[in-house]
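What follows is the residue order along each chain.
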Amino acid sequence: MACLSTWTFPLFLLRITTTFSQATWRSIAGSSWSPNPAVYHTEDNYEWSTWFNVDHPGGKGDYEKLNVIRYYYQDRVCERPRALEARTTEWIPARNTGERVHADPLVGFWCINDEQPTGKNCSNYAVRFLCARGMGQQNYKEILQEFNLCAVFVECGSGKGPCPSFIVVQNIEIYFLSIQTSLLVLKKEYGLSGQTGVSVLLSVMKKQHSIDLEAVDPNIAEAKLWRPGHAMARLVHCVMGQVNDECDGCMCRDHTVLGSVRSAGGLPAPGAAVLRAGARPKLLTVTDHNGHFQIPGLCADGNTTLMIKLKNHAPHQVTVPASVERTTVLLLNLERAKKLYVLKNPESKARREGQTAAFCCKIDGTPGPIQYEWFHNGSLLDRSHFQYAETLVLRNLSLDSVGEYYCRASNENGAIKSKPATLTVTGQNAPSCNPEPDSHLIRLPHDCFQNQTNSFYFNVRRCPTTTCTGKLENGIRCKDSVSYCCGISKMEERELTCQGYQLPIMVVTQCGCKTCVETKAIIRGRAVAADTGEPMRFGHIYMDGVRLSRTGYKGTFSIQVPANTERLVLTFVDNMQKFVNTTKVLAFNPKGGAVFHEIKLLRKKPAVTISSRNINTLELGEIEGHDPIAEIEIPPNAFYKENGEVFVGNVKASVTFLDPRDVSTVAAAQSDLNFVDEEGDTLPLRTYGMFSVDFTDEVGGESLNVGEVKVHLDAAQVKMPEHLNSMKLWSLNPETGLWEEEGHFHAEKKQRGKREERTFLIGNMEIRERRLFNLDVPENRRCYVKVRAFRSERFMPSEQIEGVVMTLINMEPTPGFSTNPRAWGRFDSVITGPNGACLPAFCDEQKADAYSAYVMANLGGEELEAVASSPKLNPNTIGVPQPYLNKLNYRRTDHDDSRIKKTAFSMNVAKPRSNVAEEANGPVYPFDKLKECEEAPFTAAHFRFSRVEVDGYDYNTVPFNEDDPMSWTEDYLSWWPKPLEYRACYIKVKLNSAHELNVRSRNMGGTHPKTVGQLYGIRDTRSIRDMEQSTVSSVCLEFKCSGMLYDQDRVDRTLVKVMPQGSCKRDSVNSLLQEYLVNHLPLAVNNDTNEFTMLAPLDPLGHNYGIYTVTDQDPRTAKEIALGRCFDGTSDGTSRVMKSNEGVALTFTCGDKEVTRQSMFQQIQNSLGQATAGSARQGRGNRRQRGGSTAPRSSSRRSARNSYTSSQTLGGYFKN
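Residues numbered from 1 in each chain as written. Predicted model: local features only at pLDDT ≥ 70, side-chain atom pairs only at ≥ 80, totals over all residues. Heavy atoms only, no water.

Per an unreviewed UniProt entry, the chain goes by Ig-like domain-containing protein and derives from Danionella cerebrum. Within the UniProt record for the chain, the comment given under Subcellular location (unreviewed entry) is "Secreted, Extracellular space, Extracellular matrix". (UniProt positions renumbered as here; feature names shortened; annotations may be inferred.)

Rendered as structure tokens:
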């Protein structure tokens, strides 16, 4: 404090910054700027310097920088000019050249060649500066006198007096040394009243080279603002050198900082802004064409921090290290900026009136978000009222609060929007779940036809799968610690009369709010070559740059989706370097369960050897007999090592191009062709080709980067003229799976051959750490297509399948908007939910066939069949009424050729017209009607797929939908006793018969006192004929595994009866199985040789016993794996072809005469009568229920004659 109190002479310094400087800084920061004519002052107090020309426009451009000019000419130009003027050496003013230039009086003038029109370079410029007349370093007293302020010039810093602070009065920055004396002056000049102490006016900043003001005078830290935003104090302390002329930093005249800046990938970074970091960053200089910079007078005191900014790169800060040398050298490597990306979307909530709800969104990026905005039903919420940031808290909820909420985060590089979350608000006393269950029909066994309803169906009813309001704990949480869902609160048991037996069945009678069943999402699949189907063996799978899993010998993989994953982005890396690294965005079911994906990989193109000293041209195009779509031009000496050194030598170059003119390449396309625009919306791209590059040193094998690459795109390959102006270069971010802009194209005509002149689109890019690029255009004509999947061709609401991967491929239009069936432009995949799926697609309202698409469906590797379109269209079966169906031109792939597979359909994506009633109810919805599409009733128009009719039937006494974990019920007779631990059991049965026969397993309680003699369920499966033995067939028959029931109190040995259809006799039982059953009592009675009875083993025995057991978190996955092993007859293999003689448990011989009684597979009775049969009786008191119920599904494998075969091309998808 003594330092401040003993210095009594006031010193005021005026900071003058022109608007010219501010405009230029906006240009450096990344926004485009064109210079305006400066308003130059010609008062007697200022004069122009001589003209300076220290650079020429060779290399990257012409850089006339102030610090370089002062280095050579010293005092011939002032340190802080008022303005500058630039002209060419031919005396043409810069503003009249038509060239894009940059200027800042405090930095200088520069012109970059790459920013000029194609084929033109910058002119050679000279500059001059406007300085205060006769100021040398600056005449502070004269400047201050202009504002009627008194001042005494006193040097400061380095022992010459206390360091200066500054105060802002009427938006003019005034610097002074003695705080108390200065306040007296301000009081006199501006009429300020009150105390003269520092606590009256000053608000203190404690950053930016400031000493601890509280240690000097505690009153300063407690200071108040005289006028908000107009009074601020800062104390600068120089441990080396002296305070600079602006009194905002320290200056060491004999020290120079030299620096070299490299962009991501090690390439030089020209035009990077170098600033002094702080609350108010100050631009010091910009890097030259080699990425170098020089800052004279900057102190190496260990306190000075520089910040480097470059477009598309993260800001980089570095502290100048303490040094006594005259020169400090800084080598700086920048990292690519990470665009904002949603890590966690807000979650939907259900509340009652008067309660509180919190929504949170987590956004990541480099730099991070600086502002959050929250929207309710599309309207921006008032920040001052809700006081939100990344968390939005809604208190005292009312019915007006219902709707959708989403957040938008932004920074200087752009914005991102989260997915919307839904808030449901119910009254204080209203039920949050409808107690009345929905109707739900299930199919009964083939021998259980109900005469009263004239139907094979019975209504077991079910509860809707929606969230509800349960008991909430105190506190505001982003995620409720306990989730509540609508589920079963009451069930009744009924009995149906079948042929010779009574069939028990449970019926839902009341719904209520229950704790949600915890689920886990699983991704299964295999990674294979797109051309030959060769598996990627032992490849690595990465997520967010971290290895998550690996593929097996056959390319298979299984991944549990990490908790809170919003977008699953996986990168498949081949250790053998046969295949291109492939990034995929895989759809999964957030409700839980397994989804199967087949990953098609592009094979790397063989490398060619090129010389880094020459111009090299690499073509992009894979279609024989057609011109390449584009070519890459690499100039001489453009290759760089990872450390930034120029590479000289031979390069092994491999460029793999995915050509969209070949429809077979669509399965190998990377990511999902989406990008985020400046407003934060995720929008689609339409591709003209993707290419992956790999450049390595021929000798050392080191990966090389490339600068100054030009991409020449043949304009004749762009089929839609409007795309010529919107074509861009994109690179793939492997962590987010989103495409990010790399550069624009401009048109240029070139001569090809002696007479042919073509137009090319020319784009510039650098090849750094990212190696996958795209030639794309944003497309805004978008719609949604409604599709549903079913278990059979009955197309009943209760037989819809969840977890089916629906894929839509947009085909490429040709000029005039007629469809070109050869090429594709975009693809999308969506997982079906309880109400089907809505597939995004390009569409057009004016011309119906402007866009066409193929749609396919896949479930666990099985391709589902589309509805037939020949010999004639049946609108009722297809699910779309006329005349809209004709307009959509629906065609199954076998429409014109019966040899083609039936697993896809084509359509015109005709956008519905708002004034046409028959087009307003699906199956195509405008892009802004996504919610209407997702919530469309079953009666609304939709397209349909169905599983190939399999020879199998499942019946559970307690209904359970494997697609919906909430349908699981705590019941002693539940087929699956424990959720998230599903155990599937199969027994292999061999039949010596000339016919394929039906085999049933009847599963009852065996040893548990609560279930003994009661039915768990029935499984019917038809045998599959052996491919080599015409009189032999086999079947893998599911039975209920033995083990603990739902209460985990004691085990039950399930009593299993295996009964072949017709006249059959048991020949043999696997000796190991028989020995096991004898040694593990009790032993079931087996007097009837027409069947086999056992108390199911508790142990997972394996193929030597003919028993196959698999436990998994997903029931469908457990059954698929167990079936694959049973077909193969091994304990660790898998097969889709039945091997009749391997791993058999039972053998039967059946008579030659086939049974005349109709089997379930011959029944065609599909009446949907109401479920009025059966008599209600009191439910058992030892049963508790939770969840809902839906129809069971068959998981039996298709026979070998219908088995799925891996397609090598998309064309292969449609060929037998």
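Draft legend 1. Just the overall build of the chain, in detail. Tallying secondary structure elements over the chain gives 14 helices and 75 strands in all. Within the chain, the fraction of its 1216 residues that count as buried is 56%. In the chain, the proportion of contacts linking residues at least 24 apart, taken out of those at least 6 apart, comes to 71%. When the accessible surface of the chain is summed, it comes to about 51900 Å², and 47% of that surface belongs to carbon and sulfur atoms. (Helix = DSSP H or I, 4+ residues; strand = E, 2+ residues; numbered from the N terminus. Buried < 20%, exposed > 50% of the residue type's maximum accessible area, 1.4 Å probe, protein only. Contact = heavy atoms within 4.5 Å. Areas by Shrake-Rupley, 256 points an atom, 1.4 Å probe, with all protein chains shown as cover.)

Draft legend 2. Broad picture of the state of the cysteines. In total, this model carries 15 disulfides according to the counting rule given. Across a sulfur-sulfur distance of 2.0 Å, Cys-468 and Cys-513 are joined as a disulfide pair. Because the sign of the S-S torsion sets the handedness, a value of about 90 degrees for the bond joining Cys-468 and Cys-513 places this disulfide among the right-handed ones. Taken together, the positions of Cys-468 in the loop between strand 29 (457-459) and strand 30 (484-497) and Cys-513 in strand 31 (residues 502-515) put the pair 45 residues apart, joining distant regions of the chain. (Disulfide = S-S within 2.5 Å.)

Draft legend 3. Focus on the packing of aromatic side chains. Here the structure, examined in full by the defined rule, presents 22 aromatic pairs. Both rings, one in Phe-639 and one in Phe-695, keep their centres 5.5 Å apart while their planes meet at 70 degrees; by these two values the pair is edge-to-face. Of this pair, Phe-639 sits in strand 42 (residues 639-640) while Phe-695 sits in strand 45 (residues 682-697), placing them 56 residues apart in sequence. According to the relative accessible area criterion, Phe-639 is buried, its value standing at 0%. When its relative accessible area of 0% is taken as the criterion, Phe-695 is described as buried. (Phe/Tyr/Trp six-rings, centres within 6.5 Å; stacked < 30°, edge-to-face > 60°.)

Draft legend 4. Highlighting a nonpolar patch on the surface. A contiguous nonpolar patch, built from Leu-258, Val-329 and Leu-331 and spanning about 300 Å² of accessible area, is present on the exposed surface. Mapped onto the elements, Leu-258 comes out in strand 11 (residues 250-262). Residue Leu-258 is classed as partly exposed on the basis of its relative accessible area of 31%. (Patch = residues over 30% accessible without salt bridge, like charges linked within 9 Å, V, L, I, M, F, W, Y side chains within 5 Å. Salt bridge = Lys/Arg side-chain N within 4 Å of Asp/Glu carboxyl O.)

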